[in-house]
Amino acid sequence: MRSFPKGFLWGGASADFQYEGGFDEGGRGLLSHDYETDGSLEHPRHHTMQKSDGTLIKPRSSFFYADPIPNDAWPVFLEDAYYPSHQAVDFYHHYKEDIALMAGMGFNVYRFSICWSRIYPNGDEELPNEEGLQFYDDVISELEKYHIQPLITICHDEMPMALALKYDGWSSRHLIDCYVKYCRTLFKRYGDRCKYWLTFNEINAVRGFGPCGTRESDGAARYQAAHHMFVASAKAVKLGHELMPGSMFGTMYAMSELYPATCKPEDMMHGLLARRENWYFIDIMERGYYPSYAKQIWQHHGFDALDITDEDRQILKEGQLDYIAFSYYRSNTTKAGDPWFNVGGSDNPYLENTPWGWPIDPLGLRYVMNTIYDRIQKPIFIVENGMGAIDQADENGYVEDDYRIDYLRAHFKCMKEAILEDGVECLGYTMWAPVDLVSLSTGEMKKRYGFIYVDMDDKGQGTLKRTPKKSYEWMKQVIATNGEEL
Ligand code: BG6
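Residues numbered from 1 in each chain as written. Predicted model: local features only at pLDDT ≥ 70, side-chain atom pairs only at ≥ 80, totals over all residues. Heavy atoms only, no water.

Student: Tell me about the layout of surface pockets, and name the residues and values.
Tutor: Of the volumes computed, that of the second largest pocket is approximately 200 Å³. Contributing to the lining of the second largest pocket are E257, L258, P260, M268, G271, L272, R275, W279, Y367, T371 and R375. When contributions to the lining of the second largest pocket are tallied by element, the ones reaching two or more residues are β10 (257-260), α9 (265-287) and α12 (362-376). The element best represented in the lining of the second largest pocket is α9, accounting for five residues. (1 Å grid on protein atoms, 1.4 Å probe; cavity = no way out; pocket = protein on both sides within 12 Å on 5 of 7 lines; lining within 4 Å. Points joined across faces, edges and corners; volume = space filled by probe spheres on them. Helix = DSSP H or I, 4+ residues; strand = E, 2+ residues; numbered from the N terminus.)

Student: Please give an account of the sheet that holds strand β1 (residues 9-13) that cites residues and values.
Tutor: Across the sheet, which stays open at both edges, the nine strands sit in the order β8-β7-β6-β5-β1-β14-β13-β11-β9 with parallel pairing between neighbours. Two strands bound the open sheet, and with one partner strand each, they are β8 (248-250) and β9 (252-254). For this sheet the average axis-to-axis angle between neighbouring strands, irrespective of direction, equals 25°. Note that strand β5 (residues 109-113) and strand β6 (residues 149-153) share five bridges and pair parallel. When the sheet's bridge partners are listed, R111 is paired in β6 with L151. (Pairing = 2+ DSSP bridges. Axes fitted to C-alpha atoms, helices over the stretch in contact; angles between N-to-C directions.)

Student: Would you mind going over empty space enclosed by the protein in detail, with residue names and values included?
Tutor: Scanning all chains against the criterion turns up seven cavities of 30 Å³ or more. Of the pockets and cavities examined, the largest cavity occupies roughly 270 Å³. If you trace the largest cavity, you find 22 residues lining it, with E202, Y329, W358, E384 and L440 closest to the centre. Looking at side-chain class alone, the lining of the largest cavity contains eleven nonpolar, seven polar and four charged residues. Of the volumes computed, that of the second largest cavity is approximately 210 Å³. Along its surface, the second largest cavity is lined by 21 residues, and S62, F63, Y65, R207 and P211 are the ones closest to its centre. Taken together, the residues of the lining of the second largest cavity sort by class into ten nonpolar, six polar and five charged. (Nonpolar A, V, L, I, M, F, W, Y, C, P; charged D, E, K, R; others polar.)

Student: Explain the state of the cysteines to me, and be specific about the residues and the numbers.
Tutor: In the structure shown here, the tally under the stated rule is zero disulfides. Left unpaired, C178 is separated from the closest cysteine sulfur, that of C183, by 11 Å. The class of C178 is buried, set by a relative accessible area of 4%. (Disulfide = S-S within 2.5 Å. Buried < 20%, exposed > 50% of the residue type's maximum accessible area, 1.4 Å probe, protein only.)

Student: Report on the nonpolar core, specifying residues and quantitative values.
Tutor: Among the nonpolar cores identified, the biggest contains 142 residues, and W170, Y179, Y280, M369 and M415 are the most heavily contacted of them. With twelve residues, the next largest nonpolar core counts L198, M252, Y323 and V383 among its residues. (Core = buried A, V, L, I, M, F, W, Y, C linked by side-chain atoms within 4.5 Å.)

Student: Lay out the site of the ligand in plain terms, naming residues and giving numbers.
Tutor: Taken together, 14 residues sit near the ligand, with Q18, E202, S441, K447 and Y449 positioned nearest. H156 is positioned with one of its side-chain polar atoms (N or O) 2.9 Å from an oxygen atom of the ligand. In this structure, an oxygen atom belonging to the ligand sits 2.5 Å away from a side-chain N or O atom of Y449. Residues that form the shell around the ligand fall into these classes: six nonpolar, five polar and three charged. (Near = heavy atom within 4 Å. Polar contact = N/O pair within 3.5 Å; in protein donor to acceptor, adjacent residues only side chain to side chain.)

Student: A description of the packing of helix α4 (residues 130-145) against helix α6 (residues 174-190) should follow, citing residues and the corresponding values.
Tutor: Between α4 and α6, whose axes approach to 11 Å, the crossing angle comes to 45°. Considering the angle they form, α4 stands oblique to α6. The handedness of the crossing between α4 and α6 comes out as right-handed. Between α4 and α6, the contacting residues are E130, G132, L133, Q134, Y136, D137 and I140 on the first element and T185, R189 and Y190 on the second. (Parallel < 35°, antiparallel > 145°, perpendicular 65-115°, else oblique. Left-handed = near helix turned anticlockwise from the far one by under 90°. Contact = heavy atoms within 4.5 Å.)

Student: Which residues make up helix α14 (residues 470-480), and what values go with them?
Tutor: Of all the residues in α14, the buried ones are S471, Y472, W474, M475, V478 and I479. All buried residues of α14 lie within an arc of 165° about the axis, which places them on one face of the element. The inward-facing, buried residues of α14 contact β1, α2 (91-104), α13 (402-420), β15 (452-454) and β16 (466-468). At the exit of α14 stands N482, carrying a positive phi of roughly 45°. (Arc of directions from axis to C-beta.)

Written out as structure tokens, the structure is:
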């Protein structure tokens, strides 16, 4: 049995508004996600908003939906609604315990996101919030105690509410300056303690008010917002390289593989075109220029051009990323006539699904690692992968999660083959998410991913007690043998 390459990074990943809580503590400002309710597969999450005539509206918002928001609608908190980000699972007060548990498994990297509005509560202040900066200093110190290196996501699908309301989020060029200022603050404060950075999370999947702060959510709004994010990312990369020699920058893409449903030429061609919708984001950010097929994508979404300046094109060239990070949960299948999408599509008769309908496809991970590496030839980093499942805890909070072990084992085998047999250069793996947290797409708690169970239900009730599951001990062994024993 062979192990993973020496120095391979093993760890876990999380996002602040799904994990941290403490939404009104430490001077933190509000995020657009703070106005987002819980939901389920059948009942999409939504924002709670009020129009100028007093009418309450509930625009849908999740990974799958992004309803447009009328110009006269403003966010309101409703007493009878539950907002999962407010408490999440309270990492804010449990970080020492959680990091000790991660260290117990042997993690040598931990990917977490910094909450933008904890550092700049309104997003455009002159000076940062010292209490927010101190919180992440404390988190990093705790990691260093156990020789765990941080991998920092600068912006994980989130938007300070004030920036959304004042500037319409990423539809405004001004956001580039706000973001770069925020980055400069982080680089100066944590630059000597963090080597790996991610400028954005799942940039190819975000749209609409929740993650981008834009009231419009159609193709033109989404792609213009993305362009501003590309420029912001490139500026941050350039600045980061200047201020932190040796630092490594990536952006994270949702790269669930996309298969044509059959070998019918029409399905194959459709698969190629639909896949470009994801390549678009990688190609621009990793190669530093817009690809030849860009216009075809824009036209598919009903518009012909974007506002791109010569200066933008220059900065895209100068701020190319150092590595490619992606999430992989599943594969998708598509046939001629299907809409283009990030997640969803036709059924794959060869695969079984999780209870949330996500096809389980370990070989798809090897496939996607190869396709990305073949195309870009830069190191890759798998920064999210895992299985959302319903765990049955006993009276002590212990869960026998053999299904999760099976899922991860199968994926690790394929990851190993991609690295050792196919020659893919892979920096590491951070599993989503070591401690149970709130689901992004549905806002549920019962869609659990962790090695560590958290006693909390879908409405935030419970003791928040942390208990290692069966998979915890298994993962410990995997890391101890650097993946030799799976
Ligand atoms: C990724 C996101 O899309 O998938 C995470 O980066 C998210 O924030 C994860 O939690 C899993 O999705 P979900 O909807 O099951 O939480």
